[in-house]
Amino acid sequence: MASRGANAVITRAMRMETKLRSALEATVLEIDDVSHKHAGHAAVKDSNSGETHFDLKIVSPKFEGKNLVNRHRMVYQVLSDELNSGLHALSIVAKTPQEAALK
């Protein structure tokens, strides 16, 4: 008899969340799949999953002392497998806990 989780589908967003929480110790993490807004684009047409475009908001203490470019590089490094397997576009808002508290 198969377990209930045997048929569970693990989405790209779920994999991204696991990787980002683990590697960057994210205290806030919002991942929004906006692929549907790009349905006519070649990257989406060529994708098996259709999960190609995401908006990402992440708050991490590991961003302390890092400029915006380096924060984005950190995110790209963590998600390199996803970027090499169909993730086409990522809009990133990356803040430290102190910056997030200033809202």
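Here's a quick rundown of the structure. (Residues numbered from 1 in each chain as written. Predicted model: local features only at pLDDT ≥ 70, side-chain atom pairs only at ≥ 80, totals over all residues. Heavy atoms only, no water.)

Okay, the packing of helix 1 (residues 12–24) against helix 3 (residues 68–78) next. Packing of helix 1 against helix 3 leaves a shortest axis separation of 9 Å and a crossing angle of 125°. The angle between the axes of helix 1 and helix 3 places the two elements in the oblique class. The two elements helix 1 and helix 3 cross, and the hand of that crossing is right-handed. Side by side, helix 1 and helix 3 meet where K19, L20, A23 and L24 of the first sit next to M74, V75 and V78 of the second. In the contact of helix 1 with helix 3, the residues fall into six nonpolar, no polar and one charged. (Axes fitted to C-alpha atoms, helices over the stretch in contact; angles between N-to-C directions. Helix = DSSP H or I, 4+ residues; strand = E, 2+ residues; numbered from the N terminus. Parallel < 35°, antiparallel > 145°, perpendicular 65-115°, else oblique. Left-handed = near helix turned anticlockwise from the far one by under 90°. Contact = heavy atoms within 4.5 Å. Nonpolar A, V, L, I, M, F, W, Y, C, P; charged D, E, K, R; others polar.)

Below, the discussion takes up the sheet that holds strand 2 (residues 53–59). Spatial strand order, 1-2-3: three strands in an open sheet with mixed pairing. Single-partner strands in this sheet number two, and they are strand 1 (28–33) and strand 3 (89–95). For this sheet the average axis-to-axis angle between neighbouring strands, irrespective of direction, equals 10°. (Pairing = 2+ DSSP bridges.)

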